[in-house]
Amino acid sequence: MKCTPLIAGVLTAGLLLAAAQIASAAGQPFGKTADGQAVEVYTLKNENGMTVKLMTLGATITELHVPDRDGKFADVVLGFDAPAGYQSEDNQYFGCTTGRVCNRIAKGKFSLDGKDYTLAINNEPNHLHGGAKRSLDKVIWKAKEFQTKTGRGVRFSYTSPDGEEGYPGTLKVVVNFSLNNKNNSLRIAYRAETDKATPVNLTNHAYFNLAGAGSDSVLDHQLTINADRYTPTDDTLIPTGKIAPVDGTLLDFRKAKKIGARIKKLDDQATIGYDHNYVLNRKDAQDDALVFAARLRDPQSGRTLGIRTTEPGIQFYSGNFLKGQQGKAGKTYAHRSAVCLETQHYPDSINHPEFPTTVLKPGDVYQSVTNLFFSAR
Ligand code: GAL
């Protein structure tokens, strides 16, 4: 066939369009941020029907559908139907990637290599979850689907400029979410590199209710935490530096217990319920070894979440600040209707040289992996 300039032009345009469609095939529009940036959502589904949705705003898990013991699916994480919800006062870090430093930094201050740094105080009198405006949950990440040996994943990447939210160094962050095709497991792997020494502590802030997001309460769920010890805090939830045994305290979850069994006794504490960092039992495990951290089970549906991590700690937060806000599909998220189990280095580690370090140096690579395994029994 003779290719006229017109046909060639049409063919080229068609090929470019097809290529663009392949490149962006997986990301679907999920609305816009208040300042007009497009947000996309990626869907991963495995052979069993387990489905995870992830959006580019905050590298956030927006939906996570898993079966109960009769094969009935429910979305077990809190979230909103559109970016506006995630950008509203009602969003309490639902499902997001949290950082550069998750949890609290005392009075928003730290010193590193002889320099003093001041961060936003967004949780009086402390700095919380990486800051007020440009923390990792509030920015748009680049996303790309990838194939693994055992399933598919979405890779999120973001470069945080030097000085963003007051932190030193240009930080390149990658978070890979991969869904196993056969086991109902979601692997979250973090990687970061910097050009100046800087603290890094990354986690995912999913709120779980295994009876389905929007169920009234999570207090009947049974919880096991593989920790003999925890980090006691002052009244502003900053660790004192002590590491104390859970034995004989309301915090002992070494054997499965109902979350609600003793929670009332914590009502008038500074934490207003459970909001504690547990020191995971890692025995002689290597730093990069995945170790059993926690198990959450809803006895009604049988849905069970098992968590394994390379991290030394886990924050058990019992949704004490949930206030009945309206989330996905008009559901309301009542006080203590979901829990967060945030794998992490201990809070305020940058001001506690006795804790495992959160300082990332140029030339080193920050790596952290957490696996979420879902089953039903
Ligand atoms: C948790 C933290 C709580 C609270 C919550 C967000 O990670 O431990 O104290 O700040 O995030 O509302």
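Per chain, the residues get numbers from 1 upward, laid out in the order the sequence is written. In view of the model being predicted, local features appear only for residues whose pLDDT reaches at least 70, and side-chain atom pairs are presented and counted only at 80 or more, with totals across whole chains, interfaces and linings using the full set of residues. Calculation of side-chain values draws on the structure's entire complement of heavy atoms; hydrogens and water are dropped beforehand.

Quick look at the overall build of the chain now. A helix here means a DSSP run of H or I that spans at least four residues, while a strand means a run of E at least two residues long, and both kinds are numbered starting from the N terminus. For the chain, the helix and strand inventory stands at 2 helices and 29 strands. Note that the radius of gyration is over C-alpha atoms, with the globule rule given as 2.2 Å times the number of residues to the power 0.38. Against the 2.2 N^0.38 benchmark of 21 Å for 377 residues, the chain shows a C-alpha radius of gyration of 21 Å, consistent with a compact globule. Referenced to the eigenvectors of the C-alpha coordinate spread, the extents of the chain come out at roughly 85 × 60 × 40 Å. Counting over 377 residues, the chain shows a buried share of 53%. Should any heavy atoms of two residues lie within 4.5 Å, those residues are considered in contact. Considering only residue pairs separated by 6 or more positions, the chain has 65% of its internal contacts joining residues 24 or more positions apart. Summed over its atoms, the accessible surface of the chain is roughly 16900 Å², and 52% of this surface lies on carbon and sulfur atoms. For the chain, the separation between the mean place of its 45 positive charges and that of its 39 negative charges on side chains is 5 Å. Burial status follows relative accessibility: with a 1.4 Å probe on protein chains alone, a residue under 20% of its type maximum counts as buried, one over 50% as exposed, and anything between as partly exposed. Using the Shrake-Rupley algorithm and a 1.4 Å probe, accessible areas are obtained, with residue cover drawn only from the displayed protein chains. Charge assignment in this entry is limited to Lys and Arg as positive and Asp and Glu as negative, and neither His nor the chain termini are counted. Every charge is mapped to an atom, namely NZ of Lys, CZ of Arg, CG of Asp or CD of Glu.

To continue, consider the sheet that holds strand E24 (residues 313-317). Spatial strand order, E19-E18-E21-E24-E27: 5 strands in an open sheet with antiparallel pairing. Looking at the sheet topology across the chains shown, the edges are occupied by strand E19 (244-245) and strand E27 (340-344). As paired elements, strand E18 (residues 229-230) and E19 share 2 bridges and run antiparallel to each other. Bridge pairing links Arg229 to Pro245 in E19. By the convention used here, strands pair only if DSSP detects at least 2 bridges between them.

Taken together, the 9 strands give an open sheet; going across it, the order is E11-E12-E13-E14-E29-E23-E22-E17-E20, and neighbouring strands pair in antiparallel fashion. The outermost strands of the open sheet, each flanked by one partner alone, are strand E11 (142-147) and strand E20 (257-258). For strand E14 (residues 185-194) and strand E29 (residues 366-376), the ladder comprises 8 bridges, and the chain directions are antiparallel. Bridge pairing in E29 links Ala189 to Val369.

The next thing to look at is the site of the ligand. The ligand sits among Gln92, Tyr93, Arg104, Leu128, His129, His205, Tyr207, Asp275, Gln315, Tyr317, Phe321 and Glu342. Pairs of N or O atoms are called polar contacts if they sit within 3.5 Å, as long as, within protein, a hydrogen donor faces a hydrogen acceptor (for residues adjacent in sequence, only side-chain-to-side-chain pairs). Between the ligand and Arg104, the relevant distance is 2.8 Å, taken from an oxygen atom to a side-chain nitrogen or oxygen of the residue. One nitrogen or oxygen atom from the side chain of Asp275 is found 2.4 Å from an oxygen atom belonging to the ligand. Residue polarity follows a fixed list, in which Ala, Val, Leu, Ile, Met, Phe, Trp, Tyr, Cys and Pro are nonpolar, Asp, Glu, Lys and Arg are charged, and the others, Gly among them, are polar. Within the shell around the ligand, the residues separate by chemical class into 5 nonpolar, 4 polar and 3 charged. Here a residue is near a molecule or strand as soon as one of its heavy atoms is found within 4 Å of it.

Judged by nonpolar contacts, the single largest core of 59 residues is most densely connected at Leu64, Leu186, Phe208, Tyr278, Phe316 and Phe374. Considering every element that reaches this core, the biggest residue donor is strand E13 (residues 171-180), with 5 residues. The residues touching Phe316, leaving out its near neighbours within four places in the chain, are Leu223, Ile225, Phe253, Ile259, Tyr274, Asp275, His276, Tyr278, Val339, Cys340 and Leu341. Definition of nonpolar core: a set of buried residues of the types Ala, Val, Leu, Ile, Met, Phe, Trp, Tyr and Cys, connected through side-chain atoms within 4.5 Å. Phe30, Leu57, Tyr207 and Leu322 belong to the second largest nonpolar core, which has 16 residues in total.

Time to look at the pairing of strand E9 (residues 115-118). The sheet contact formed by strand E8 (residues 109-112) and E9 spans 4 bridges and is antiparallel. Its bridge partner lying in E9, Phe110 is registered against Tyr117. Hairpin connection of E8 to E9: 2 residues between the antiparallel strands, including Asp113 at a positive phi of 50 degrees.

With that settled, consider the side chain of Asp137. Mapped onto the elements, Asp137 comes out in the loop between strand E10 (127-128) and E11. Side-chain polar atoms of Asp137 contact the side chain of Lys138, separated by 3.0 Å. When sequence neighbours within four positions are dropped, the list of residues in contact with Asp137 reads Leu57, Gly58, Tyr93, Cys96, Thr97 and His129.

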